[in-house]
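The lines below spell out each chain.
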Amino acid sequence: MINKETRISEIQAVSEEKMIIEGYAIKFNEQTLIGTEAHGFKEIIAIDALTETNMKDVPLKYNHQDNFLVIARTRNKSLELEVDEVGLKIRAELLDTQSNQDIYKMVKSGLLDKMSFAFTVKNQSWDRTGTIPIRTIQKIDRLYDVSIVDVPAYEGTSVYARSLELLDNDTRELENLKHEHQKEIIRKKIKIKGDIQ
């Protein structure tokens, strides 16, 4: 089973003559809380997370929906993706269709101002030294889409969205890592005890 996840950032309209929108679908090195402080973790996307990512054919969608018309796409160059020091910047020139006009007007008016991206993880690490565990996504394997979304934002400029199932999966993985860490501590204590005797 592919563990596909989504995240949210920002987008805006930038042109009057053409329907052009720009934004960041990914922002590097920004810590974001996934779940709650009691039952979640913080997450960071490393600055080199996209160096090995498959981004061959990436569509721009609305709310990641497959039943909504594709807004733009890298394949026909209506969608451009650029990795810079901030993150993954997108620039899309929308075709003159009714649905794209509606999307563009909503972005221009600020009704839609968030972006999300669907992806799978290649490499990650966990830091459990603090009160809230921190997950660092070191490498993203594949970028499935970037999407304009209407999910409301939390207080921060970047908000992450995921299904409860994926949150449960990550929480279970974190619990497994905690148990392995505890077992390792016990093994070390037993070894030290044996060495002393």
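Details of the structure are given in the entry above.
Here's a quick rundown of the structure. Keep in mind it's a predicted model, so treat the numbers as computed, not measured.

Counting its regular elements, the chain contains 2 helices and 10 strands. Helices and strands appear in the chain in the N-to-C order β-β-β-β-β-β-β-β-α-β-β-α. Expressed as a percentage of its 197 residues, the buried residues of the chain come to 41%. Taking all contacts inside the chain whose residues are at least 6 apart in sequence as the whole, residues at least 24 apart take part in 70%.

Take the nonpolar core next. Leu-60, Phe-117, Ile-140 and Val-146 are the most contacted members of the largest nonpolar core, which totals 30 residues. Where this core is concerned, the elements lending two or more residues are strand 2 (20–27), strand 5 (59–62), strand 8 (87–93), helix 1 (98–109), strand 9 (114–127) and strand 10 (134–149). The residues contacting Val-146, other than those within four sequence positions of it, are Ala-25, Val-58, Pro-59, Leu-60, Lys-61, Leu-79, Leu-88, Ile-90, Met-115, Ser-116 and Phe-117.

Its 12 residues place the ends of helix 1 17 Å apart at the C-alpha level, agreeing with the 16 Å of an ideal helix rising 1.5 Å per residue. Listing the buried residues of helix 1 in full gives Ser-99, Asn-100, Ile-103, Tyr-104 and Val-107. All buried residues of helix 1 lie within an arc of 130° about the axis, which places them on one face of the element. Within helix 1, the exposed residues directed more than 90 degrees away from the buried face are Gln-98, Lys-105 and Ser-109. Trailing helix 1 by a residue or two, Gly-110 shows a phi angle of about 90°, which is positive.

Each value, and the rule that gives it
- Residues numbered from 1 in each chain as written.
- Predicted model: local features only at pLDDT ≥ 70, side-chain atom pairs only at ≥ 80, totals over all residues.
- Heavy atoms only, no water.
- Helix = DSSP H or I, 4+ residues; strand = E, 2+ residues; numbered from the N terminus.
- Buried < 20%, exposed > 50% of the residue type's maximum accessible area, 1.4 Å probe, protein only.
- Contact = heavy atoms within 4.5 Å.
- Core = buried A, V, L, I, M, F, W, Y, C linked by side-chain atoms within 4.5 Å.
- Expected span 1.5 Å × (residues − 1).
- Arc of directions from axis to C-beta.

Limitation: the analysis is restricted to geometry and does not speak to function.
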